Each structure stands twice: as C-alpha cells, then as structure tokens.
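Residue-level structural notes
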Amino acid sequence: MISLQVPSELLGGCISIGNFDGVHTGHATMLRALKELATSLRKPAVAVTFDPHPIVLLRPELAPPVLTTPEERIRLLKTCGMDGVVVLPVTWELLEMSPLQFFDDVIRRCFQATGIVEGPNFQFGRDRAGTVATLKDFCTSAGMTLRVAQAVEDASQMVSSSRIRTLLTERALSQAVKLLGHPYRLTGYVEQGAQRGRTIGFPTANLTGIGSLIPANGVYAGRTEIDSKHYAVAVSIGPNPTFADQRQKIECHIVGYSGDLYSKRLAVDLLHDIRPLCSF
C-alpha cells in the first residue's frame, strides 16, 4: 500500500495517468476528453504524472533525457485545463504492483476516482501487464466510467515524446514544436561568459543548469519574459567557431534588453530553427 496524499478537493475526480513528458498534442487531445468527462460528471479533472520516469529505476542506462522538468510539466498540464496535477513518486513498491493492485490501491483508494481517460496504448502494473482491455474490465467491475482517447497522428505517425526527442536531436525544432503544440522551453540560470558579445554589440546571456533535453547544435529563434515584458531571443547552442571556442554553450541574445541577469533563472521558449552553426 503506497503512501500518497491527494488534495481533498481532487478526490473523487476523473483522472488520466501518464508520463506526459512534453505535454504534446497527443496528450492535449486526451486531456480535452478528460475535461469533457469531468465536466459532464461535475467532477474535477486531474492529471497524474510520474517522477522520475519508471525507466530511471528499471533501466537507468536507457533513460532518455526529459522534454519537461516536473515543474514545467505541471505548468503545461494546467494550461490544458486540469483542475489539479498530482505527481506520483516512482518507487520499487509502485513498480512491483500488479495491474489489479495498482487499480485498487492507486486509482480507487488514493484518488477515489469516478472516471478515467487513457490513450489506446496505456499500460500499467508490473511488467506493464495491464492494458486498456484490462482497465476496462476493472472499471466495469468498479462501476467507473472509462473513455479511451484516439491516438493523434502526424504524417501517418503517432505523435510521441520519443519522436519529438529525435526531432530535437536532428535540429528539426520547427517540426518538434508543431508536434508539441507549444514552444520548446529551456530553463536555466544565467552565468557569466567571455563577454565577447558586448564588444561587438550583441551581449548574450549564457544559460546553465538546464534539466531538459538540449536541442542539437544550431541557431534558433525564441522568446522570453523578463519583469513581465516579452523579448525576442536568438539562441546559439554549441561551440563558438568564430572565436575557436569549442565549449558547449547556450548563448541567448535578448533583443532590446539591457540589464544584469547573472545568477537569475531564465526561461527561453524556442520557436523555430534558423540555421546550423557557422564561423564569421
């Protein structure tokens, strides 16, 4: 029996369970179906996500870099209309649960769920033995409402977090953003760089401590918000061939901004790719 404190206002709601990494257009479609079901039953809509990804415990050497930190994932899930987001800590106890144990202990006892919405490929319980068909049987026995959302496809391929990761590592950011349905955010802290940019009229903020997947080397267009004002940003990822600097860096030229950002936290939303790196 796991220990999970679900806020009282979210008990008895309609839930969707998943990693939701990236909160892409496929997730958004499922969450719309969840919100519709919750509204029809006059219940809260609750997204349940995991941290860390189960594979981090099961096969850490195969764990992919995340598209979203837990904080960013919660923000995006709430923009999809969720009344609440619950992060389910991944432990060996949780991973060893059979599908029925997971259904009884997590879905019914912890959340007291009245409805559930999942995608067609949903799997749960030890060794991912539970399927949508299994879940349907459990929900029928428990008198719960189950809806299965259709998979979202683009170019005859299912939209998935792994596909978006591949696009980002191929410098196909514009395609990744299309599948995400929102900009790709990098959040880190500004550190002091070589300050060469100031001498040529292009001061940059160097980001460090980023917890999500960093796209392939190249130059990207983005935007940021500082003190409630929005700015366009040119982002260079990788070494600086012009100055023979081979260090991997993320340099952000914030158009029209002048101020001290050192040690401050900065979120930059990448919108589309511009070009590969080149020397000037």
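Not measured: the values here are computed from a predicted model. (Residues numbered from 1 in each chain as written. Predicted model: local features only at pLDDT ≥ 70, side-chain atom pairs only at ≥ 80, totals over all residues. Heavy atoms only, no water.)

**Comments concerning the overall build of the protein**
Each helix and strand in the protein was counted, giving nine helices and 13 strands. Seen through its principal axes, the protein has C-alpha atoms that stretch 70 × 35 × 35 Å. Sequence-distant contacts, at least 24 apart, represent 72% of the contacts inside the protein between residues at least 6 apart. Within the structure as shown, the protein displays about 14100 Å² of accessible surface, and the carbon and sulfur contribution to it stands at 52%. Of the side-chain charges in the protein, 28 are positive and 26 negative, and the distance between the mean point of each set is 4 Å. (Helix = DSSP H or I, 4+ residues; strand = E, 2+ residues; numbered from the N terminus. Contact = heavy atoms within 4.5 Å. Areas by Shrake-Rupley, 256 points an atom, 1.4 Å probe, with all protein chains shown as cover. Lys, Arg positive; Asp, Glu negative; His and termini not counted. Charge placed at Lys NZ, Arg CZ, Asp CG, Glu CD.)

**Section: helix 3 (residues 70-79)**
Turning to helix 3, its buried residues number three or more, namely Glu-72, Arg-73, Leu-76 and Leu-77. Viewed end-on, helix 3 has its buried residues packed into an arc of 135°, placing them on one side of the element. At its buried positions, helix 3 is contacted by helix 1 (25-41), strand 2 (45-51), strand 3 (84-89) and strand 8 (184-191). Of the residues trailing helix 3, Gly-81 is marked for its positive phi of about 95°. (Buried < 20%, exposed > 50% of the residue type's maximum accessible area, 1.4 Å probe, protein only. Arc of directions from axis to C-beta.)

**Thoughts on the pattern of salt bridges**
For the structure shown, the criterion picks out 12 salt bridges. Of the charged contacts, one joins Lys-35 and Asp-83 as a salt bridge, the two residues approaching to 3.2 Å between their closest N and O atoms. Separated by 48 residues along the polypeptide, Lys-35 in helix 1 and Asp-83 in the loop between helix 3 and strand 3 bring together distant segments of the chain. In this structure, Arg-108 and Asp-104 form a salt bridge, with 4.0 Å as the shortest nitrogen-oxygen distance. Placement of the pair is Arg-108 and Asp-104 together in helix 5 (residues 99-110), with a separation of four residues, close to one helical turn. Residues joined by salt bridges that share partners form a network here, namely Glu-72, Arg-75, Arg-185 and Asp-269. (Salt bridge = Lys/Arg side-chain N within 4 Å of Asp/Glu carboxyl O.)

**Quick look at the packing of aromatic side chains**
In this structure the tally under the stated criterion is five aromatic pairs. Aromatic pair Tyr-231 and Tyr-257: ring centres 5.4 Å apart, planes at 80°, arrangement edge-to-face. Residue Tyr-231 is found in strand 11 (residues 229-240), and its partner Tyr-257 is found in the loop between strand 12 (245-254) and strand 13 (265-275); the two are separated by 26 residues along the sequence. Like Tyr-231, the residue Tyr-257 is buried in the burial classification. Taken together, the ring pairs in this structure connect Phe-102, Phe-103, Phe-122, Phe-124 and Phe-138 into an aromatic cluster. (Phe/Tyr/Trp six-rings, centres within 6.5 Å; stacked < 30°, edge-to-face > 60°.)

**A short note on the confidence of the model for the protein**
Close reading of the predicted structure is inappropriate where its pLDDT is low. Residue-level pLDDT values for the protein average 93, and 94% of them are 70 or greater. A low-confidence stretch, residues 196-201 stays under pLDDT 50, and its non-local contacts, those more than four residues away or across chains, total seven contacts. (pLDDT = per-residue confidence, 0-100.)

**Digging into unusual backbone geometry**
The omega angle of the peptide bond from Asp-51 to Pro-52 is -5°, so this bond is cis rather than trans. Within the secondary structure layout, Pro-52 lies in the loop between strand 2 and helix 2 (54-58). A positive phi angle, close to 45°, is found at Val-23, a residue other than glycine. Within the secondary structure, Val-23 sits in the loop between strand 1 (14-17) and helix 1. For Val-23, a relative accessible area of 3% gives the class buried. Phi is positive for Arg-42, which is not a glycine, with a value near 55°.

**Looking at the environment of Val-6**
By the element assignment, Val-6 lies in the segment before strand 1. Using a relative accessible area of 11% as the deciding quantity, one classes Val-6 as buried. In the structure, Val-6 is positioned 86 residues away from Trp-92 in sequence and 20 Å away in space, judged by C-alpha atoms. In this view, Val-6 contacts Leu-11, Val-86, Cys-110 and Phe-111; residues no more than four positions away in its chain are not counted.

**Concerning the packing of helix 7 (residues 161-169) against helix 8 (residues 173-180)**
At a minimum axis separation of 8 Å, helix 7 and helix 8 run at an interaxial angle of 155°. If you check the angle between helix 7 and helix 8, you find them roughly antiparallel. Relative to helix 8, the crossing made by helix 7 is left-handed. For the pair helix 7 and helix 8, the contacting residues are Arg-163, Ile-164, Leu-167 and Leu-168 in the first and Leu-173, Gln-175, Ala-176, Leu-179 and Leu-180 in the second. Class assignment for the residues of the contact of helix 7 with helix 8 results in seven nonpolar, one polar and one charged. (Axes fitted to C-alpha atoms, helices over the stretch in contact; angles between N-to-C directions. Parallel < 35°, antiparallel > 145°, perpendicular 65-115°, else oblique. Left-handed = near helix turned anticlockwise from the far one by under 90°. Nonpolar A, V, L, I, M, F, W, Y, C, P; charged D, E, K, R; others polar.)

**A look at the side chain of Ser-16**
Mapped onto the fold, Ser-16 is located in strand 1. The contact partners of Ser-16, leaving out residues within four places of it in the chain, are Met-30, Leu-31, Leu-34, Val-46, Ala-47, Val-48, Val-117 and Glu-118.

**Points about helix 5**
For helix 5, the set of buried residues is Pro-99, Phe-102, Phe-103, Asp-105, Val-106, Ile-107 and Cys-110. Buried residues along helix 5 sit in contact with strand 1, strand 3, helix 4 (92-95), strand 4 (115-118) and helix 6 (132-142). Positive phi appears at Gln-112, one or two residues downstream of helix 5, with a value of about 50°.

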